[in-house]
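# Understanding the architecture of this molecule
Chain by chain, the residues:
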Amino acid sequence: MSSQKKPVGVVPLGDVSEIASKVIAAHISGYFNLSVQILPPLEHPEYAFDERRFQYNAGIILKAFESMRFKDYEKVIGVLNMDLFVPIFTHVFGEAKQGGKFALVSLFRMGKNPDGSPSPSSLIFERSAKVALHELGHLFNLLHCREKKCLMHFSGGIQDLDETPTYLCRYCSTFLKDHLLGQSE
Amino acid sequence: MDEKMSIMVVDDEEIVRESLFHWFKKYGHAVETASSGFEALDKLEKRPFQLLFVDIKMPGMDGIELLEKVKTEYPDSMVVIITAYGSIESAVKAMRIGASDYLLKPFKPDQLSLVMERISHQKRLLFEHDYLKGRLEKITRFDNIIGQSPAMEHIFTLIPEVAQSDSSILLLGETGTGKELVAKAIHAKSRRAHLPFIAINCGALSDTLLESELFGHQKGVFTGATHARKGFLEVVSGGTLFLDEIGEISPKMQIDLLRVLEEKKITSIGSRKPVDVDFRLISATSQDLGKGITDGSFREDFFYRINVIMIDIPPLKKRKEDIPLLIHHFLKKYGHETTKQVDRVTRDAMELLKRYNWPGNVRELENAVERAVVLSQSRTLGIKDFAFLRSSPAPLSRPLSLQEVEKQHIQQILEEYNWNVTQASKALEINRVTLHKKIKRFNLERRV
């Protein structure tokens, strides 16, 4: 599958553990077979803070990414510790525009189990990697999939996310392969 | 949620429109946005949307007003109301008007996902309902005979009843009222349904040709009879014979058919050997046969033989309540045939169509809808799409009968062609023999 000319960039925003970025990069490389680079961290996105909601507006951060261009990267995934939202939703685990270049992954809600108990760090990193792969799927034009055992199945909560696999179903996998082949031609 | 839908997001806030737009795109739906109720109605006018997400609070036309309009004008479109002002009252009001669901902003992503699941489920139920309704209509109603007026309901009741017997049926009705459709429905409901249904328009055939068609002929009995041919009375064997425009047949043919009906035997032209025949006769006419009996052109004994059961099909002007139903049926039919998304008629246009007299009855209405659908640039047909109807003559103080209109038209064409019957018959698209018959029947003479 690794036929893309430019690598995928993983960029931490603000104070994000190095391991989180590494785990995400390893999952992208391992599951999507794409070359990945971890970029130097960007500043904490204070500009996207919403005072009424005490959350960070994902749309504003993605717009800021657009102005930064990242021309040496095929796709760029921002990783941050803050709680993300888009105006109609209470929160989002991650955000990406269908077929776009930039995506975001938030670790903020990954640390608690459905029953409220704290999660071990290995599980937090696994959840973050799933969200990153899912959002990257959208950047490569994959749609939400009705197959529950597919990475592109929509996860509304942590329990759903834990039940979602890190791999794509046969249909989505074929679609991604075709998409990447089409891009390389 | 595996089904892709056409969705419109209506909200005055760009950020909300964008968020929902991108969200639905991730499911592969066809999404459009509108920043106001007016823009939404404009878009709906152009093409249908299965689902609308509408914000309650918008300047100009609010979400409730838009919901009311959508439910009146486009009842097939489902609406989900979004509100940041989550009062129980506004939600209850929206649901009462016909909203399929509602969401309070901001909502959790899985709440929207759940709403979409419910919408998908509702759509499936509606589809199943429509499918089953269609199946039921096919069982209890008759293909292409549309109507809910008392007169048509009576005919729908009569069809299965009369279909059970073998008695001859006479269908009365103006041209274009659907006499052949009723005949076919009777045949379809009868024990003869699996056998042939043969329709002959007696008005379109000369006497000798009709005789040959009905009775058949032996080889060489007349010029052009290069081989023997079975008549329809024999070919129909066991089925239903539909003789349209029975009032047009000659007295000789009436005697011949009367004999067949009584003896159930025919002898083809040029043969001496009678053949047994079995068929059910359904005749139809747009003429007043009683008048024919009085002036001697129609035999009384033949009339009673073909008129064991009489069904009078009312003209469209006497069942105007069926017009919207018929229009809806023809819109569906021609929308499907032309693959154009034309599925609505404005209120003004509907009023015009209900006021119009429809001298050509259902056939004329069908042609009018077909023409309008083919030429329409929008999904809604308006008055201008039916302008060709308004160009028809204004109603007279005394309405002309169909016969009077026919007489006037034939006279006009004959004058136009200087009474050259061959040319006039070509223009009228009838054969010369029929034209001669009509000249005689209407006592037409060259104007000085």
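Because the structure is a prediction, the values reported are computed rather than measured.

### Examining the environment of B:Met58
Residues and elements named next belong to chain B. Here Met58 is to be found in the loop between strand 3 (51–55) and helix 3 (63–73). The exposure class assigned to Met58 is buried, which follows from the 22 C-beta atoms found within 10 Å. Met58 sits 23 residues away from Ser35 along the chain, and the two C-alpha atoms are 8.7 Å apart.

### Looking at the environment of B:Asn443
Residues and elements named next belong to chain B. With respect to the helices, strands and loops of the structure, Asn443 is situated in the segment after helix 19 (432–441). Overall, Asn443 belongs to the exposed group, with 7 C-beta atoms counted inside 10 Å. Considering only alpha carbons, one finds Asn443 and Lys407, 36 residues apart in sequence, at a separation of 9.3 Å.

### Digging into the nonpolar core
By size, the foremost hydrophobic cluster in this structure holds 94 residues, and its most contacted members are A:Ile24, A:Ile28, A:Ile77, A:Leu136, B:Leu52, B:Val80 and B:Ile81. Setting aside anything within four residues of it in sequence, one finds A:Ile77 in contact with A:Val8, A:Val10, A:Ile24, A:Ala103, A:Val105, A:Ala132, A:Glu135 and A:Leu136. Residues B:Leu170, B:Met253, B:Val277 and B:Leu281 belong to the second largest nonpolar core, which totals 37 residues.

### Considerations on unusual backbone geometry
Between B:Lys105 and B:Pro106 the backbone carries a cis peptide bond, its omega angle lying at -10°. Within the fold, B:Pro106 resides in the loop between strand 5 (101–104) and helix 5 (109–140). Residue A:Asn33 is not a glycine yet carries a positive backbone phi of 55°. Mapped onto the elements of the fold, A:Asn33 is located in the loop between helix 1 (18–32) and strand 2 (36–38). Residue A:Asn33 is classed as partly exposed on the basis of its 14 C-beta neighbours within 10 Å. Residues other than glycine seldom take positive phi values, yet B:Glu429 does so here, at roughly 60°.

### Comments concerning the pairing of strand 4 (residues 78–83) of chain B
Residue and element names in this part refer to chain B. Across the 6 residues that make up strand 4, a large majority, 5, are buried. Here strand 3 runs beside strand 4; their pairing, made up of 5 bridges, is parallel. The residue of strand 4 that forms the bridge with Asp55 is Ile82. Between strand 3 and its parallel partner strand 4, the chain crosses via helix 3, and the hand of that crossover is right-handed. In the sheet, strand 4 pairs with strand 5 via 4 bridges, with the strands oriented parallel. Bridge pairing links Ile82 to Leu103 in strand 5.

Procedures and definitions
- Residue positions within a chain follow its written sequence, with the count starting from 1.
- Going through the entries in the order they are written, you letter the chains from A and number the ligands from 1.
- In keeping with the predicted nature of the model, local features appear solely for residues at pLDDT of at least 70, side-chain atom pairs appear and are counted solely at 80 or more, and the whole-chain, interface and lining totals rest on all residues.
- Strands are runs of DSSP state E lasting at least two residues, helices are runs of H or I lasting at least four, and both sets are numbered from the N terminus onward.
- As a rule, residues whose C-beta atom has 12 or fewer other C-beta atoms within 10 Å are exposed, those with 20 or more are buried, and those in between are partly exposed; C-beta atoms are placed from the backbone.
- In this usage, the nonpolar core is the set of buried Ala, Val, Leu, Ile, Met, Phe, Trp, Tyr and Cys residues whose C-beta atoms join them within 7 Å.
- Each residue is represented by a C-beta atom placed from its backbone, and any two residues with such atoms within 7 Å are regarded as in contact.
- At least two bridges found by DSSP between two strands is the condition for calling them paired.
- Seen with its strands pointing away from the viewer, a crossover is right-handed if its path from the first strand over the helix to the second goes clockwise.

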